[in-house]
Amino acid sequence: MSYTFRNTEINNEKASVFETKSLLYLIGKSSSKKEIEFITFDCFNDVSGIDKKGQNIWDIQSKNEGNLNPKKIGRYFFTLFDNSISKLNFKEFIFFTRQLKDDYKIDKSLKVYGFDNFETKTKEKIKNGLIEEIQRVKGKIKDYTTEITKFLDNVLIVEDDTPEQEYLKLITKFKNKSLKTDDFYSTVFKELRDIQSSKKNSLIENETISNVLDVINFNRHLKILDIDTFVICRIIGVEIFKYKSIPLGFFDYVKSLSRDDREDLIQECNSNLSRCLFNKTSNGEFWRVCETIIDYLDTTFSDDVELIYKTKFSSYTPKYSYLKEMTIKYLIALTIEGFK
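Residues numbered from 1 in each chain as written. Predicted model: local features only at pLDDT ≥ 70, side-chain atom pairs only at ≥ 80, totals over all residues. Heavy atoms only, no water.

A.B. asks: Summarise the nonpolar core; cite the residues concerned and give the values.
C.D. replies: Among the nonpolar cores identified, the biggest contains 68 residues, and Ile39, Phe174, Ile232, Phe250 and Ile332 are the most heavily contacted of them. Grouped together as the second largest cluster of nonpolar side chains are 37 residues, Leu68, Phe77, Tyr113 and Val212 included. (Core = buried A, V, L, I, M, F, W, Y, C linked by side-chain atoms within 4.5 Å. Buried < 20%, exposed > 50% of the residue type's maximum accessible area, 1.4 Å probe, protein only.)

A.B. asks: Help me get a handle on the sheet that holds strand E5 (residues 90-97), residues and values and all.
C.D. replies: Taken in spatial order, the seven strands of this open sheet run E6-E7-E5-E4-E3-E2-E9, and their pairing is mixed. Strands at the two margins of the open sheet, each flanked by one partner only, are strand E6 (112-114) and strand E9 (221-223). Each strand of the sheet is rotated relative to its neighbour by a mean of 25°, with strand direction disregarded. Two strands pair when backbone bridges link them, and strand E2 (residues 36-41) and E9 are joined in this way by three bridges, in the antiparallel orientation. The residue of E9 that forms the bridge with Phe38 is Lys223. (Pairing = 2+ DSSP bridges. Helix = DSSP H or I, 4+ residues; strand = E, 2+ residues; numbered from the N terminus. Axes fitted to C-alpha atoms, helices over the stretch in contact; angles between N-to-C directions.)

A.B. asks: Provide a residue-level description of the pattern of salt bridges, including the pertinent values.
C.D. replies: This structure, assessed with the given rule, holds 26 salt bridges. Note that Asp42 and Arg220 form a salt bridge whose closest N and O atoms lie 3.8 Å from each other. Of the two residues, Asp42 sits in the loop between E2 and strand E3 (47-51) while Arg220 sits in the loop between strand E8 (208-209) and E9, which places them 178 residues apart along the sequence. A relative accessible area of 6% places Asp42 in the buried class. A salt bridge links Asp252 to Lys255, with the nearest nitrogen and oxygen atoms 3.5 Å apart. Overall, Asp252 belongs to the exposed group, its relative accessible area being 54%. What emerges from the salt-bridge pattern is a single network uniting Asp102, Lys105, Lys111 and Glu159. (Salt bridge = Lys/Arg side-chain N within 4 Å of Asp/Glu carboxyl O.)

This is how it looks when you write it as structure tokens:
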């Protein structure tokens, strides 16, 4: 089994924004979001999700182009189709696009739908566009009729109707999505877009892999937990796992300790937070604790860690052993630093 990367490129900003939207759709809105471990950029397609063992790939072709006619839609289906006939196990094929004309569709209210929701005339034109592109790229010797039918039965069309900041809110695990302003989420979206774009600076054209997870070697990917960490650090306001100093609010808890004991306690708190965030089972609890702290600081700001802990966590029973009292106090102190 092998796969050779073709037609990789560095896209313009307009396309990059749309590709970031498709990334956030995949990990925040799609029915398969919990199965995805890695996101790759401009490798198999514009954006692709991969599970932990590299057994399944979720493929997205994104087109930020208005007024797409059916024939052009068919041509743009080609990359998805080409992956569908590869030896790799592509689990889902998603065409992520701006809103298509209502005249093309049977049920005009749907934003996520299959090929069967297109009107008969539209179907034929899309199919013809795909056939023409297949023949242009692959020639006319092989008949792909069966493969085309199978692909069209499986392709999923997703019409983008969501603002940038709303896509970002989808991947936060806060109950209160308004905990941060839309301007804040828009800024974080742009940062994530820039990270995504920077991942495409390497050259992989004509490179071949023999195993799906070999794609990780090209560093054109992010782990879902990388994205989780990026977002929560922006929300809290400090790089949680890269913070080198002792937060001022935490100093009272370590000032009587020896240097070694002080370093051990900080290391333990960092390790506990890391375990809580990076473990899928406890990840949600990490977000809930963060939300409680941020909500308090938003409404009644205080730099008194002990006060905040007693007010919000005095009766808190940790669901996980590593979310102990001192770890939460350390997180409170870090969050206060971020708010400053």
